[in-house]
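A look at the structure
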Amino acid sequence: MVYSVVFVFLVAFGIFAFSKLKRIAVDPFPKAWGPILEAEVRYYNTLSEAEQQRFRTRMMAFLSEVHLEGVQLELEDLDKILIAASAVIPVFGFKEWYYNNLSGIILYPDTFDGDLQFNSESDDRKILGMVGTGRFENQMILSRRALRQAFKNDTDKLNTPVHEFVHLIDKMDGNIDGIPEQLMGREYITPWMELMYKEMEAINNDDSDIRQYGGVSKVEFFAVASEYFFERPELFKKKHPELYAMLVLCFQQKPSTKRKNK
C-alpha cells in the first residue's frame, strides 16, 4: 500500500513538474539582435539559414532557463548574445541540450581572483571565468572583458566562455575530470585518455601548438583543446587529426570557419 501511494505521488509530481516546464515562456529572438549576432559570432555565419534559425531558437531557450546577472555593470544586449551563443556552440550538434547543472551566470567587469574579487590591485586577479562550487554551485562567473575578447580575435585559439561551458559539459556525469563519458561511448574512453596524456606531455615539453594551460590537468586539457577545435577547426584538424576526430565524435559536429553562401 505504501509503495502504491509513493508511486502515485511520484507520478503526480512528475506530471506537475513537466507541466511547469511546459509553461516556461521562451521569448522570440529580438530582430535587433540579428545584425549583432552576425557581426560578432563567426560560428553563426558558417551555418545555413535553417541552422541559423535553429541556433537563434536555441539561444532564446537557453536565456529562458538561465538567469544572467551583472555585478557593477548593466547587462547589454551584446553580453546576452555572446553568452547565449557561447552556450549553444559546443552543444549545437545535439538535437536537444539542457544545462541542468547551471542556473545562473554572473558577469564581472574584468578579471578576478580566487576570492572572486575584481576591484583589488592584487597580482592574483587573473581569472577570466570559472564554474562555481560551494555556495556558487550551478553558477558560472565570467569576465565581461574576456567574454567580448573571445569573439574579437579569430586566430588565438582561445574562447573563455566556450571553455567554461565545456567544463559544464564535462561535469554532466557528476565530475569535472576531462573525460566526457556522457558524450563518448565507453569504447572511446581509453583511446581518448591515451591521446590526452600524449598531447599533454607534448604541451609540457613545448612540442605542441595547443596552449600551455592545456598541460596543467586533464580537466583543462579537454576545455583548452575544445576551444582550439571551435576557434580554428581547420588548423586543429591539420595539426591534430586524431584529437580532431575524437572531438567530432564528442560534440557531434564539424565546425568550420568558412562563411556559408546565402
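These lines cover the structure that appears in this document, whether it is placed above or below. In this numbering scheme, every chain counts its residues from 1 along its sequence in written order. Local features in this predicted model are restricted to residues of pLDDT 70 or higher, and side-chain atom pairs are both shown and tallied only at a pLDDT of 80 or more, whereas totals for entire chains, interfaces and linings draw on every residue. To obtain the side-chain values, all non-hydrogen atoms of the structure were included, while hydrogens and water were left out.

Our next topic: the side chain of Ser86. We count a stretch as a helix when DSSP gives it H or I for four or more residues in a row; a strand needs E for two or more, and each element gets its number in order from the N terminus. On the secondary structure map, Ser86 appears in helix α5 (residues 77-88). The classification of residues rests on relative accessible area computed with a 1.4 Å probe and restricted to protein chains. Under 20% of the type maximum is buried, over 50% is exposed, and intermediate values are partly exposed. On the accessibility criterion, Ser86 (0% relative accessible area) is buried. Of the polar contacts made by the side chain of Ser86, one reaches the backbone oxygen of Leu82; its length is 2.6 Å. With sequence-adjacent residues up to four places away left out, Ser86 is seen in contact with Leu147, Phe151, Asn159, Pro161, Val162 and Phe165. Whenever two N or O atoms come within 3.5 Å, that pair is a polar contact, provided that in protein one can donate a hydrogen and the other can accept it, and provided that, for residues adjacent in sequence, both atoms are side-chain atoms. Contacts were defined at the residue level, with two residues in contact if any of their heavy atoms lie within 4.5 Å.

Ranked by internal contacts, the top residues of the largest apolar core, which has 69 residues, are Phe55, Phe62, Tyr99 and Ile105. When near neighbours in sequence (up to four residues on either side) are disregarded, Ile105 contacts Phe62, Val66, His67, Leu68, Glu69, Ile83, Gln139, Met140, Leu142 and Phe165. Working definition of a nonpolar core: buried Ala, Val, Leu, Ile, Met, Phe, Trp, Tyr and Cys residues. They are joined through side-chain atoms within 4.5 Å.

Our focus in this paragraph is helix α2 (residues 33-40). Among all positions in α2, only Trp33, Gly34, Leu37 and Glu40 are buried. Each buried residue of α2 lies within a common arc of 150° when the element is viewed along its axis, so the set occupies one face. The exposed residues of α2 that point more than 90 degrees off its buried face are Pro35 and Ala39. Lining the buried residues of α2 we find α3 (42-45), α4 (49-65) and α5. Our arc is simply the arc of the directions from the helix axis toward the C-beta atoms.

Our focus in this paragraph is the pairing of strand β2 (residues 104-108). Judged by how many residues are buried, β2 sits mostly within the fold: five of five residues are covered. By the alternation rule, side chains of β2 split into Gly104, Ile106 and Tyr108 and Ile105 and Leu107, which are all buried. Inspection of the sheet shows strand β1 (residues 67-70) paired to β2 by four bridges, in the parallel sense. Looking at the pairing, Gly70 lines up with Leu107 of β2. Look down the strands so they point away from you; if the path from the first strand over the helix to the second goes clockwise, the crossover is right-handed. Note on the crossover from β1 through α5 to β2: the handedness is left-handed. Pairs of strands are assigned from DSSP output, requiring at least two bridges between the strands. Sheet topology note: the β2/strand β4 (residues 139-143) ladder contains five bridges and is parallel. The residue of β4 that forms the bridge with Ile106 is Ile141.

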